[in-house]
Structures are given as C-alpha cells and as structure tokens.
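Spelled out from the first residue to the last, the chains are:
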Amino acid sequence: MKRILSIIMMAALLLTSLAACGNNAKAEMKEAQAVTEGEKETAENTDTAGSESVSADTEASSDTSSNDTDSESGGTTAHSDVLVAYFSATGTTKGVAEKIAAITGGDLYEILPAEPYSDADLNWNDRNSRSTKEQNDKSVRPEIGSEDISLEGYTTVYLGFPIWWGEEPRILDTFVEKYSFEGITVVPFCTSSSSGIGRSGPNMEALAGSGNWLDGKRFGGNVSEADLQSWIESLK
Ligand SMILES: Cc1cc2nc3c(=O)[nH]c(=O)nc-3n(C[C@H](O)[C@H](O)[C@H](O)COP(=O)(O)O)c2cc1C
C-alpha cells in the first residue's frame, strides 16, 4: 500500500511541474511578443519622428530661403548715385548716354514722349512740322510718357538731348520743371549735326530753379569712350 501511495504522489508531482513549465513557456512567449511589439512601436515612432524632423528641416530651410528672397527684394531700392537721363529722337544721344552710363556705372533713364515723334514730326525743313512748331513756342511742354523716376539718392544727373534749332527740345523743359534737383549736380550734354550746346544749359537751369548746373558739352554721335572718360574726369 505504501508503495502505491508513493507512486501516486510522484505522478502528481510530475504533473504539477509539467504544468508549471507550460505556464512559464507561455509567459516567456508573451514576454517575447511584448518585446517584439514594443520594438516595432519604437521603430515606427523613430521613423515618424525622423520624417517629421526632415519635413521640419525642409520647412525651416524653405522659410530661410523665402526670408532671403524678402531681404533681396527689400534691397532692390539700392541704386547708383549717378543717373544718366536722356531724350533721343533718332538714337544718337541714346548711344552717347549709354557710354556715359557704362563709364560712370550710372543708371539710365529714357525720357520718352507720350506721343512719339514721327519722321514727318522731325522734318526740320518743314516750317509746319511738329518739332519746328514746338521749338518756335517756348511755352510748349510735350508730355512725358515714360514712368516717373525718383531722384532720391542721386547726387549727379547727366542730362542728354539732341540740339533742335540751336537748343534743347521742349520735352527737356517738361522734364526739368517736373523734378527737383535740390542737392544734385546736373551735367547737360547733347549731340547735333554741328551746332554747339548754345544756351540749352542756362535755359534749363532757369526753368528747373534748383540744382548745381555745370557747363554742358556737345558731342558727335561717334564720340569715343576715351574722350567721354577724360571729359567726365575733368568735371571732378
Ligand atoms: C527738329 C530738328 C532740329 C535740328 N536742329 C539742329 C540744329 O539746329 N543744329 C544741328 O547741328 N543739328 C540739328 N539737328 C540734328 C540733330 O541735333 C542731330 O541729328 C542729333 O544728333 C540727333 O540726336 P538723336 O538721334 O538723339 O535724336 C536737328 C534735328 C531735328 C530733328
């Protein structure tokens, strides 16, 4: 009987330890699963964080570039302190003005008539052409069609034009009456077939009423850059 009892007890003990083993295995599996899922979550979180930081970086960098653009556009007001303003009916004065701007690093401004001059308008052999009539009437002020310009920041203005009947075309009178040349040195220059600059400078100075007007100079259309350079040097 004793022998049977001890066999039963041994069997019970064996069963209990087997069950315990099973439970432990289950617990370990659960734990392993939990670790794997945890790792997965961490990995996913890391990925998300990574992509978020990239997009934040992207935003940050695009913000920076837009700031740069802002500051660049803010800087567009900066310009040279020399302006070369000119009127040219047939392109000769324009060519000289461009050379002066290249030498001085100045900005160019073309005085364009609101109503362009036709060939007939420019016929100086016709007593009734528009240009002849305008030059014969000192009160005429042809309208300027080009955009207004601010002279703020300019210390020197070279003012170019062709000679019409011995003096400045009337549209130059419109220009000088329109703007204030306070604190600005004005340097008249002209082109012509042969006539000198005559009284163009003093005429415009009187109409402008402001500015430090220097003696003007007449050039042929094919004046060299070297000649212009030495003239510009002589003004200093
Ligand atoms: C209406 C008119 C009048 C002119 N009067 C004179 C003049 O009195 N003396 C002169 O030498 N040239 C005269 N010219 C010639 C121009 O001054 C010369 O061709 C000038 O270089 C043209 O410059 P632009 O091409 O810039 O208009 C006259 C030209 C025109 C159209």
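Note: the structure precedes this text.
The rules behind each value
Residues numbered from 1 in each chain as written. Predicted model: local features only at pLDDT ≥ 70, side-chain atom pairs only at ≥ 80, totals over all residues. Helix = DSSP H or I, 4+ residues; strand = E, 2+ residues; numbered from the N terminus. Buried ≥ 20, exposed ≤ 12 C-beta atoms within 10 Å, placed from the backbone. Contact = placed C-beta atoms within 7 Å. Near = placed C-beta within 6 Å. Nonpolar A, V, L, I, M, F, W, Y, C, P; charged D, E, K, R; others polar. Core = buried A, V, L, I, M, F, W, Y, C linked by C-beta atoms within 7 Å. Axes fitted to C-alpha atoms, helices over the stretch in contact; angles between N-to-C directions. Parallel < 35°, antiparallel > 145°, perpendicular 65-115°, else oblique. Left-handed = near helix turned anticlockwise from the far one by under 90°. Pairing = 2+ DSSP bridges. Right-handed = clockwise from strand over helix to strand, strands pointing away.

J.: Which residues make up the overall build of the protein chain, and what values do they have?
T.: Assigned secondary structure in the protein chain consists of 6 helices and 6 strands. Walking the protein chain from its N terminus toward its C terminus, one meets helices and strands in the order α-β-α-β-α-β-α-β-α-β-β-α. The buried share among the 236 residues of the protein chain stands at 22%. Once local pairs closer than 6 in sequence are excluded, the contacts in the protein chain between residues at least 24 apart make up 76%.

J.: Pulling in residues and values, what's your account of the site of the ligand?
T.: In the vicinity of the ligand, 21 residues are found, and the nearest of them are Ser88, Thr90, Thr92, Thr93 and Pro162. Ranked by residues supplied to the shell around the ligand, first place goes to helix H2 (residues 92–104) with 3 residues. Each residue belonging to the shell around the ligand can be placed in one class, and the counts come to 7 nonpolar, 13 polar and 1 charged.

J.: Give a detailed account of the nonpolar core, specifying residues and quantitative values.
T.: As a rule of thumb, nonpolar side chains are buried together in soluble globular proteins. Core analysis: the biggest nonpolar cluster contains 33 residues, and Val84, Ala85 and Val157 have the highest contact counts within it. Put simply, the parts of the chain that give this core at least two residues each are strand S1 (82–86), H2, strand S3 (156–162), helix H4 (170–178), strand S4 (185–191) and helix H5 (200–208). It is S1 that provides the largest number of residues to this core, a total of 5 residues. Not counting residues up to four positions away in its chain, the partners in contact with Ala85 are Tyr109, Ile111, Val157 and Leu159.

J.: Before we move on, can you summarise H4 with the specific residues and values?
T.: For H4, the full list of buried residues reads Arg170, Ile171, Leu172, Asp173, Phe175 and Val176. In this fold, the buried residues of H4 make contact with helix H3 (130–136), S3 and H5.

J.: Pulling in residues and values, what's your account of the packing of H2 against helix H6 (residues 225–234)?
T.: Where H2 meets H6, the closest approach of the two axes is 10 Å, and the angle between their N-to-C directions is 60 degrees. In terms of orientation, H2 lies oblique with respect to H6. Note on packing geometry: the crossing formed by H2 with H6 is right-handed. Counting all contacts with H2, which are made through Lys99, Ile100, Ile103 and Thr104, the residues of H6 involved are Glu225, Leu228, Gln229 and Ile232. Within the contact of H2 with H6, the residues separate by chemical class into 4 nonpolar, 2 polar and 2 charged.

J.: Kindly report on the pairing of S3, identifying the contributing residues and their values.
T.: One face of the sheet, then the other: side chains in a regular strand alternate in exactly this way. Of all the 7 residues making up S3, 6 are buried; the element is thus mostly covered by neighbouring parts of the structure. Pairing of S1 with S3, which is carried by 5 bridges, proceeds in the parallel orientation. Its bridge partner lying in S3, Tyr86 is registered against Gly160. Relative to S4, S3 runs parallel, the two being bridged by 7 bridges. Bridging across to S4, Thr156 finds its partner in Thr185. As a crossover connection, the stretch from S3 through H4 into S4 is right-handed.

J.: Provide a residue-level description of unusual backbone geometry, including the pertinent values.
T.: The phi dihedral of Trp165 is positive, around 50 degrees, even though this residue is not glycine. Inspection of the secondary structure puts Trp165 in the loop between S3 and H4. Accessibility expressed as a C-beta count within 10 Å gives 14 for Trp165, which makes it partly exposed.

Geometric descriptors of this kind do not, in isolation, establish any biological role.
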